[in-house]
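Close look at the chain arrangement
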Amino acid sequence: MELSRISTEKFDDAVKSMTDAGFLKETVEQALKKLIILYEENWEHIEADNYSTLVEALLGHSDPKQAGQKKRAEKNLNVDSDHYNKKLKIKGGQTPRSSMHGSAKKELTEEADSLEERTTGNQLQTSRAETTITGENSCTLLESQDPCTSETPTVMCPKVLGSNRHNGIKRQYHDVNDITRGEECVSIPIVCGEDGVLPPPFHYISQNTTFQDACINLSLARIGDENCCSGCFGDCLAEPLPCACARETGGDFAYTRDGLLKEGFLDACVSMLREPLKQPHFYCKGVCPIEQIMKGVSSAKPDACKGHLIKKFIKECWIKCGCTRNCGNRVVQRGITRKLQVFLASRKKGWGLRSAENLPRGAFVCEYVGEILTNTELHKRNTELYGKNNKKAGKARHTYPVNLDADWGTEGVLNDEEALCLDGTFYGNVARFMNHRCIDGNIIAIPVEVETPDHHYYHLAFFTTREVEAFEELTWDYGIDFDDVNHPVKAFKCHCGSTFCRGR
Ligand SMILES: C[S@@+](CC[C@H](N)C(=O)[O-])C[C@H]1O[C@@H](n2cnc3c(N)ncnc32)[C@H](O)[C@@H]1O
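Residues numbered from 1 in each chain as written. Predicted model: local features only at pLDDT ≥ 70, side-chain atom pairs only at ≥ 80, totals over all residues. Heavy atoms only, no water.

By the naming in an unreviewed UniProt entry, the protein is Putative SET-domain containing protein family, taken from Zea mays. Taken from UniProt, the Subcellular location (unreviewed entry) comment for the protein reads in full: "Chromosome". (UniProt positions renumbered as here; feature names shortened; annotations may be inferred.)

Right under this line is the structure:
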């Protein structure tokens, strides 16, 4: 295996850390090579949380001859050895089954195929699902459960919890039965492959949280009568006339009584996405915050604003409104309700998101949740972590931050703390797993105003653009310019497979 200079250095560092902890050099090197292939030399995954993925891979080693080194390393690393020996846990005390049926089997077979694809030759020896989905080293389905109808997640994986000690503090991450660890109203399982490798750790949050300087004024006093429907009662969608909150969407509600986006509203949003040049844009009156941060600390004059697409907003009713929490004009704020799963989408793209149930057109899936940063903070984060002078330069990020720029133009000149973006890299929800697809993704991001009447801050909500079949990957267009060589984060090579692909 040919490694770059940086990778070789990192390889040696990792081997040293693990051998210091008591693992055999040969075993470490072997496991590390597998991870390098699996993560396509993306060291951010491998180094995360003190090499936790590598430690897991090493402790999961089943060769009895390794028992000595495993014990030694557990002692040195101070990890909870019980965890690593945990058997597959099935709700209700049923024993794991090795057989599968229906679409789930097909899906896992396809997944094993994609894993096999990523591990050819003498690399990771992953076998096809039919032959290897057995016992505790496999994803297993309960006998009577149909993945499309079951109320509880049906796909279980061998590692019930990943855990490690970081700076002496025991931290658990990634419950494969529920990556949200109870933060959402639904459980969202991780469907991992036979190798049991989990996504790198991050903090799961279900609500956006401010990183540091972002200024978001959530006071009730700022919501005037014209910005809410305080006179309403019950369900606004049941009333003969749209309430004040519908003003934002052209005097009509964006949602149907079934909680889906109305056809007309969705059609308009989709055509804006697919034909952006035909849509109206606004241009920052003063300095464009994006152009400003691109110049960084240099004294060079920022380029002229390249324009921001004027997007359609949804305004949901909220706590100052007179309607109830069940009002039909409150969809995004109620959170995730669909049966989502995090899964290995493909060798090139990494982890992805899908639904274990069919989704109708216009269904809310989840919102993009992350840290709220000012653009300057994001720029600093990008250049410090991925900039040209950093070892990680040129490496793709695992997540893709989003600019909340849907309405910057209406505010005149924006202060830095008002030009905001969301970053799900360290704190985020399942949206951070949704991969990009150029133009024709089955998901669209729509700005949703909930608790603030101005649009500096809003929720970015994901809805289906069409009917989506169970287990289809959910994808959206990140809106990235693959040709922008000046951007601090190097764009990834796109493997979306769309005929409109602009990043191959
Ligand atoms: C928001 S994350 C999506 C989750 C990611 N796949 C993971 O494993 O954590 C974005 C990253 O996924 C990868 N990615 C997303 N869409 C892709 C695509 N169409 N082609 C190749 N890589 C993609 C890139 O590495 C990108 O930086």
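That was the structure; now back to the text.
Let's talk about the overall build of the protein
When its secondary structure is counted, the protein shows 10 helices and 19 strands. Counting across all 504 residues of the protein, residues that qualify as buried make up 53%. Of the contacts formed within the protein by residues at least 6 apart in sequence, a portion of 69% connects residues at least 24 apart. When the accessible surface of the protein is summed, it comes to about 23,300 Å², and 49% of that surface belongs to carbon and sulfur atoms. (Helix = DSSP H or I, 4+ residues; strand = E, 2+ residues; numbered from the N terminus. Buried < 20%, exposed > 50% of the residue type's maximum accessible area, 1.4 Å probe, protein only. Contact = heavy atoms within 4.5 Å. Areas by Shrake-Rupley, 256 points an atom, 1.4 Å probe, with all protein chains shown as cover.)

Here's the deal with the pairing of strand β18 (residues 459–464)
With 6 of 6 residues buried, β18 lies mostly within the body of the structure. Of the two faces of β18, the one lined by His-459, Ala-461 and Phe-463 and the one lined by Leu-460, Phe-462 and Thr-464 are each fully buried. Across 6 bridges, strand β17 (residues 443–449) lies against β18 in antiparallel orientation. Residue pairing across strands places Pro-447 opposite Leu-460, the latter belonging to β18. (Pairing = 2+ DSSP bridges.)

A few points about the packing of aromatic side chains
For the structure on display, the rule yields 9 aromatic pairs. With centroids separated by 5.6 Å and ring planes inclined at 55 degrees, the aromatic side chains of Phe-364 and Phe-463 adopt a geometry described as tilted. With Phe-364 in strand β11 (residues 364–367) and Phe-463 in strand β18, the pair connects residues that are 99 residues apart, well separated along the chain. With a relative accessible area of 6%, Phe-364 lands in the buried category. With a relative accessible area of 0%, Phe-463 lands in the buried category. (Phe/Tyr/Trp six-rings, centres within 6.5 Å; stacked < 30°, edge-to-face > 60°.)

Considering the sheet that holds β17
Taken together, 4 strands build an open sheet; the order of strands is β8-β17-β18-β11 and the sheet is mixed. Strand pairing shows two members of the sheet lacking a second neighbour, β8 (314–315) and β11, which therefore form its edges. Contacts from helix α8 (residues 263–274) reach β8, β17 and β18, with the element oriented near 115 degrees to β17. (Axes fitted to C-alpha atoms, helices over the stretch in contact; angles between N-to-C directions.)

As for the environment of Arg-325
You can see Arg-325 is positioned in the loop between β8 and β9 (340–346). Between the C-alpha atoms of Arg-325 and Asp-235, which are 90 residues apart in sequence, the distance is 8.5 Å. Excluding anything up to four places from it in sequence, Arg-325 contacts Arg-330, Gln-333 and Arg-334.

Looking at the packing of helix α1 (residues 5–20) against helix α2 (residues 25–38)
Where α1 meets α2, the axes come as close as 10 Å, and the angle between the chain directions of the two elements is 135 degrees. Considered as vectors, α1 and α2 are oriented oblique to each other. Helix-helix and strand crossings are classified by hand; for α1 and α2 the assignment is right-handed. Along its contact with α1, which presents Phe-11, Ala-14, Val-15, Met-18 and Thr-19, the element α2 presents Lys-25, Val-28, Glu-29, Leu-32, Lys-33 and Ile-36. Here the contact of α1 with α2 is composed, by residue class, of 7 nonpolar, 1 polar and 3 charged. (Parallel < 35°, antiparallel > 145°, perpendicular 65-115°, else oblique. Left-handed = near helix turned anticlockwise from the far one by under 90°. Nonpolar A, V, L, I, M, F, W, Y, C, P; charged D, E, K, R; others polar.)

Here we look at the environment of Ile-444
With respect to the element layout, Ile-444 can be found in strand β17. A C-alpha to C-alpha distance of 5.5 Å links Ile-444 and Phe-463, two positions 19 residues apart in sequence. The residues contacting Ile-444, other than those within four sequence positions of it, are Leu-266, Cys-269, Val-270, Leu-273, Ala-461, Phe-462, Phe-463 and Thr-465.

Quick notes on the pattern of salt bridges
Think of it this way: side chains of opposite charge can pair up when their charged atoms draw near. Following the criterion strictly, the structure yields 13 salt bridges and no others. A salt bridge links Lys-306 to Glu-291; its shortest N-O distance comes to 3.1 Å. With Lys-306 in the loop between α9 (289–295) and β7 (308–309) and Glu-291 in helix α9, this pair connects stretches of sequence that are 15 residues apart. Judged by relative accessible area, which is 58%, Lys-306 ranks as exposed. Counted as one network, the salt bridges with shared partners bring together Glu-263, Asp-267 and Arg-361. (Salt bridge = Lys/Arg side-chain N within 4 Å of Asp/Glu carboxyl O.)

As for the nonpolar core
Ranked by internal contacts, the top residues of the largest apolar core, which has 67 residues, are Leu-32, Leu-54, Ile-179, Val-342, Cys-366, Val-430 and Leu-474. It is helix α3 (residues 43–59) that provides the largest number of residues to this core, a total of 7 residues. Aside from chain neighbours lying at most four places away, what touches Leu-54 is Ala-14, Met-18, Val-28, Ala-31, Leu-32 and Leu-35. In this structure, Cys-236, Leu-237, Cys-243 and Phe-265 belong to the second largest nonpolar core, which totals 32 residues. (Core = buried A, V, L, I, M, F, W, Y, C linked by side-chain atoms within 4.5 Å.)

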